[in-house]
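What the coordinates show
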Amino acid sequence: MAKSAATSTTSRIRNKCPAMGVALVCGLWLCGCSSDGGDWEQIYKVAKASWAGDSTAVTLQQASATPYASLGLRVGGGPETIVVLATDQNERLLWTSAAKIAIETENGRIVRSAGFPGDVNAVVFRGADPLALFAQGERHPQTTTRTMDFNDLDVFGVSVRCDMTDDGPETITILGTGIETNKLSETCQSDQLDWTFKNVFWMGKSGLVWKSIQYIHPKSEPLTVELLRPPG
C-alpha cells in the first residue's frame, strides 16, 4: 500500500462548540509553524497517550452524548475517538477534540491536520477536487493533480497525481444504521516522495461523504473517518 488555500478571514460558528475547541485549533495550527518540530512531537505524544487502549469504536451512547456535529476518527488500527466541529470557514470545516488533535476538511477530504504522527499542512488542487465533481453527478473516472505541503519533512508543493473511480453502490453501517453510498477509490502517486497510496470514500446520494480512509502523510498510517452527526 504505502511506501507506505487560502480562506477568508471571516468565519461563522456552525454550532455552539465550546470556545476551548476553537482556541485549541488555533494553537495547534500555530504549533505547526515551528521549524524544529519539537512542538509537533509533543502534541503527538499527548494525542497518542489519549488514544491508549483497544480498537473499540465509538458507541451510539457516546455519540448521542455529543450535542455537536461530530466525526469518529481512527488512526490505523487504533481506538476510535470523537472530534467535534469547531468552525466552518467558506465550506472548510475545522474539527478538534480533547485529544489535542485537529483536522480541516473540505468535501469530506482532509486538507490540513495537526497532532498526528505525520501531518499534512496544505492540499491544493489544480482544478476541482474530484469529490466535488462526483457529488455533482460527474461519476466518470477523474484524473487530477494536487500539491501537498509537509512541514516536518521540509518539503512543499509536492505534486501528487490521482485517479478516482466509482466502484458502485455499497451499504455501510454507522452507529447501527445502514447508509446507502457509492464507494469511490482514489489511487495516488508522488514520484518526488516515492509514495503510493489509496484513499477510499463512501459518498451518500446527497454528495455527503459518510466514511473515508485517507492517507495524509508518507510516514503515517491511514485515518479512518466516520460522520457521526452531520453539520447543520
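A brief structural summary. Please read these numbers as outputs of a predicted model, since none were measured by experiment. (Residues numbered from 1 in each chain as written. Predicted model: local features only at pLDDT ≥ 70, side-chain atom pairs only at ≥ 80, totals over all residues. Heavy atoms only, no water.)

1. So, the overall build of the chain
Helix and strand content of the chain: four helices and 12 strands. Evaluated residue by residue, the chain yields a buried proportion of 49% over its 232 residues. With an accessible surface of roughly 11,100 Å², the chain has 52% of that area assigned to carbon and sulfur atoms. (Helix = DSSP H or I, 4+ residues; strand = E, 2+ residues; numbered from the N terminus. Buried < 20%, exposed > 50% of the residue type's maximum accessible area, 1.4 Å probe, protein only. Areas by Shrake-Rupley, 256 points an atom, 1.4 Å probe, with all protein chains shown as cover.)

2. Comments concerning the state of the cysteines
Overall, the coordinates contain one disulfide when judged by the stated rule. The side chain of cysteine 162 participates in a disulfide bridge whose partner is cysteine 188; the two sulfur atoms lie 2.1 Å from each other. Where cysteine 162 bonds to cysteine 188 through sulfur, the torsion about that S-S bond is close to 115°, and the disulfide is right-handed. In this pair, cysteine 162 is assigned in strand 8 (residues 155-174) and cysteine 188 in strand 9 (residues 177-190), connecting sequence segments 26 residues apart. (Disulfide = S-S within 2.5 Å.)

3. Observations regarding the pattern of salt bridges
A full pass over the atoms with the stated rule returns eight salt bridges. The salt bridge involving aspartate 166 is made with arginine 139; its shortest N-O contact spans 3.6 Å. Of this pair, aspartate 166 sits in strand 8 while arginine 139 is found in the loop between helix 4 (130-135) and strand 7 (142-150), placing the two residues 27 residues apart along the sequence. The shortest N-O distance in the salt bridge between glutamate 180 and lysine 205 comes to 3.2 Å. With glutamate 180 in strand 9 and lysine 205 in the loop between strand 10 (195-204) and strand 11 (209-214), this pair connects stretches of sequence that are 25 residues apart. Its relative accessible area of 52% is what places glutamate 180 among the exposed residues. Through salt bridges that share partners, Arg109, Asp129, Arg146 and Glu186 make up one connected network. (Salt bridge = Lys/Arg side-chain N within 4 Å of Asp/Glu carboxyl O.)

4. Remarks on the packing of aromatic side chains
Two aromatic rings are characterised by how far apart their centres lie and by the angle between their planes. For the structure on display, the rule yields three aromatic pairs. Measuring from ring centre to ring centre gives 6.1 Å for phenylalanine 197 and tyrosine 215, while their planes differ by 45°; the resulting arrangement is tilted. Placement of the pair is phenylalanine 197 in strand 10 and tyrosine 215 in the loop between strand 11 and strand 12 (223-229), with a sequence separation of 18 residues. Given a relative accessible area of 3%, phenylalanine 197 falls into the buried group. According to the relative accessible area criterion, tyrosine 215 is buried, its value standing at 12%. Through pairs of rings, three or more aromatic residues link up here, namely Phe150, Trp195, Phe197 and Tyr215. (Phe/Tyr/Trp six-rings, centres within 6.5 Å; stacked < 30°, edge-to-face > 60°.)

5. Description of the sheet that holds strand 1 (residues 70-75)
If you walk across this open sheet you meet the 12 strands as 5-4-3-2-1-12-11-10-9-8-7-6, and the pairing is antiparallel. Two strands close off the open sheet at either side, each with one partner strand: strand 5 (109-114) and strand 6 (122-125). Each adjacent strand pair in this sheet contributes to an overall mean axis angle of 30°, direction not counted. With four bridges joining them, strand 10 and strand 11 adopt antiparallel strand pairing. Note on strand 11: the bridge partner recorded for valine 200 is isoleucine 213. (Pairing = 2+ DSSP bridges. Axes fitted to C-alpha atoms, helices over the stretch in contact; angles between N-to-C directions.)

6. Here we look at the side chain of threonine 144
Looking at where threonine 144 falls in the secondary structure, it is placed in strand 7. With residues up to four places along the chain from it excluded, the contact list for threonine 144 reads Phe125, Ala128, Pro130, Val160, Arg161 and Cys162. (Contact = heavy atoms within 4.5 Å.)

By themselves these figures say nothing about function.
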